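Each chain, letter by letter, is given below.
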Amino acid sequence: MTGMAAVLAKGGYATHYAGKWDCGMATNQHTPRGRGYSTSLSYFHHANDYYTQQDGGSCNKHPMVDLWNLEDPATDGLFGSPAKAYANGANCSFDSQNPQNQVCVYEDALFEERVIKILGDHTDKDVPLFIFWASHIVHAPLQVPDEQLAKFSFIDDKNRRTYRAMVNWIDGSIGRVVQKTKDDGFYENLLIVLSSDNGGPISGSATNFPLKGGKFANWEGGIRVNAFVSGGYLPESVRGTKSTELVAGWDWYSTFAALANVDPTDEQAAAAGLPPIDSINVWPLLSGATTSSPRTEVHIGSNVGGDDANRTSGPTSVGGLIQPPWKILLGWGFNQSIDMAGWSGLDSPNGTNNFPNMKETCGRTPETGCLYNVWEDPGEHTNMASQQPDIFIKMLARIDEIAKTVYSPNRGDSSDGAACATAESKYGYYWGPFIQ
């Protein structure tokens, strides 16, 4: 497949990456460089420790570090190398943030520094610039600098206090980077896109009030996310406005391609027998050229054989469909269930935090199904399946049609020891590409 950066590179863009990768590392082609980024500072897995940079995995009982760097191919290699230059001291940890005579830098501060350096080094304003900054915040583990946490000492619940401190930290970080773009003359021709990848984890420390559910489930609290566009490139007529039109996270692919005047067609994927992209250029909507979205539906993913909290347990499936104003959901877990079927309060967590065990049946009949008018009822309080059987059956038929072309990738054998063997022999217990 062709990554977004590779598409923009065709349009002459300098492309850079900082933060969470989570898009594979088996081969060099799975790394940020392999997907089109000229430089990167990133970690490969879902999460790592903000201070030790360890991801919780081990090879022969040796803890593994997950941080990869590509800044200068002459020293880092064409596809990058372990980011050992950014390693903290042996005594640095969340519980010990100021070890004597040792480096101890918060991971998201490293990513912010990299983004600011990219801006400072980009002196040729005739070359367009693309930065994908995927901050670790706000994601487990719940860790933040001590001085930041102290600002929220008025919150009793430890997890909620830390979570809010983390959100506040990244808010400040984004502000510092935006100020840098203004200081260096980027801002007036800059498009800023901020978007989350999923709703907050209500089983942990987040609240998606007033939406139902959260991360790991397909309720609105799990898939309707915070997003905005800003920057001097955005027309003044739409600044400060709100749109309720339909936009999917994967629409940025075609939207950025259109802005770069590049065809988004993924010929590499087509040659490999993969389905075409499901991405639509939504810039006419965002820029105010039109008031309606070109996207008319969103296909919601799930998996066969498990509820959404265990979504990697089976092949990819279609877990639902949005056709404004309607949304249908299908449960693929036990008894056709979907978990996280509850609502967090404005201040959460509290004493009733048992969301993973709150399950709701979403079957394939109007009597057992789940259908909501999420434009009028975004909290998904009123199930309309039995009252609107014709709409339910029509949307179910559309799901079955979509399911015929679902792509379910082979994610490999997690018990294969090649990754550990390479990490030990080549990278010094850092994760990195292991298949040549």
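Only a predicted model underlies this, so the values are computations on that prediction, with no experimental measurement involved. (Residues numbered from 1 in each chain as written. Predicted model: local features only at pLDDT ≥ 70, side-chain atom pairs only at ≥ 80, totals over all residues. Heavy atoms only, no water.)

(A) Examining the pattern of salt bridges more closely. Counted under the stated rule, the structure contains 15 salt bridges. Two residues, Glu380 and Lys327, come together in a salt bridge whose shortest N-O distance is 2.9 Å. With a gap of 53 residues between them, Glu380 in the loop between β15 (370-373) and α10 (389-403) and Lys327 in strand β12 (residues 326-329) connect regions that are remote in the sequence. What makes Glu380 buried here is its relative accessible area of 1%. In this structure, a network of salt bridges that share partners links the residues Glu71, Arg114, Lys117 and Asp121. (Salt bridge = Lys/Arg side-chain N within 4 Å of Asp/Glu carboxyl O. Helix = DSSP H or I, 4+ residues; strand = E, 2+ residues; numbered from the N terminus. Buried < 20%, exposed > 50% of the residue type's maximum accessible area, 1.4 Å probe, protein only.)

(B) Representation of helix α3 (residues 107-121) within the structure. Relative to the 21 Å expected for 15 residues at 1.5 Å per residue, α3 spans 21 Å between its end C-alpha atoms, a close match to the ideal helical length. Turning to α3, its buried residues are Glu107, Asp108, Ala109, Leu110, Phe111, Glu112, Arg114, Val115, Ile118 and Leu119. In this structure, the buried side of α3 is in contact with β1 (14-20), β2 (39-43), β5 (68-70), β7 (129-134) and α5 (158-183). (Expected span 1.5 Å × (residues − 1). Contact = heavy atoms within 4.5 Å.)

(C) Seen up close, the state of the cysteines. Scanning the entire structure with this criterion turns up 3 disulfides. Cys59 shares a disulfide with Cys420; S-S distance 2.1 Å. Taking the torsion about the S-S bond as the criterion, the Cys59 to Cys420 disulfide, at about -80 degrees, is left-handed. Here the residue Cys59 occupies a position in strand β3 (residues 54-59), and Cys420 occupies one in helix α11 (residues 418-427), the gap between them amounting to 361 residues. (Disulfide = S-S within 2.5 Å.)

(D) Quick look at the sheet that holds β7. Taking strand neighbours across the sheet as the criterion, the 5 strands line up as β6-β5-β2-β1-β7 in an open arrangement whose pairing is mixed. In this open sheet, the two strands that pair with only one neighbour each are β6 (81-82) and β7. Looking at chain direction, β1 and β2 are connected through 5 bridges and run parallel. What sits directly across from Gly19, in β2, is Ser42. (Pairing = 2+ DSSP bridges.)

(E) Inspection of the sheet that holds β12 at higher detail. Reading across from one edge, β10-β11-β12-β15 is the order of the 4 strands in this open sheet, with antiparallel pairing throughout. What marks the edges here is a single partner per strand, and that holds for β10 (298-303) and β15. Strand after strand, the sheet turns through a mean of 25 degrees between neighbouring axes, direction not considered. Where strand β11 (residues 316-323) meets β12, 4 bridges bridge the pair, whose relative direction is antiparallel. Opposite Gly320, over in β12, you have Leu329 as the bridge partner. With respect to the sheet, α10 is in contact with β10, β11, β12 and β15, its orientation differing from that of β11 by roughly 140 degrees. (Axes fitted to C-alpha atoms, helices over the stretch in contact; angles between N-to-C directions.)

(F) Up close: α5. Here α5 is 26 residues long and its end C-alpha atoms lie 38 Å apart, about the 38 Å a rise of 1.5 Å per residue gives. Buried within α5 are the following residues: Arg160, Arg161, Thr162, Tyr163, Ala165, Met166, Trp169, Ile170, Ser173, Val177 and Thr181. Buried positions along α5 lie against α3, β7 and α4 (146-150). Phi turns positive one or two residues past the end of α5, at Gly185, with a value near 80 degrees.

(G) Structural view of the environment of Ile170. Assignment of secondary structure puts Ile170 in helix α5. Given a relative accessible area of 10%, Ile170 falls into the buried group. Put simply, Ile170 and Ser386 are 216 residues apart on the chain and 44 Å apart in space, counted from C-alpha to C-alpha. For Ile170, the contacting residues outside a window of four places in its chain are Trp133, Ser135 and Ile137.

(H) Quick peek at the side chain of Glu220. Within the secondary structure, Glu220 is located in helix α6 (residues 220-223). Judged by its relative accessible area of 3%, Glu220 is buried. One polar contact links Glu220 to Arg224, side chain to side chain, over a distance of 2.8 Å. The residues touching Glu220, leaving out its near neighbours within four places in the chain, are Leu211, Lys212, Ile322, Lys327, Val374, Pro378 and Glu380. (Polar contact = N/O pair within 3.5 Å; in protein donor to acceptor, adjacent residues only side chain to side chain.)

(I) Representation of unusual backbone geometry in the model. In this structure, the amide linkage connecting Ala140 to the following residue, Pro141, adopts the cis form with an omega of 0 degrees. Among the secondary structure elements, Pro141 is positioned in the loop between β7 and α4. Looking along the chain, the bond that leaves Pro324 and enters Pro325 is cis, with omega of 5 degrees. Counting through the fold element by element, Pro325 comes out in the loop between β11 and β12. With phi around 70 degrees, Lys61 is a residue other than glycine that occupies positive phi space. Looking at where Lys61 falls in the secondary structure, it is placed in the loop between β3 and β4 (62-65). Even without being glycine, Asn101 reaches a positive phi, approximately 60 degrees. On the basis of relative accessible area, Asn101 is assigned to the exposed category, the value being 77%.

Function cannot be inferred from these measures alone, as they are strictly geometric.
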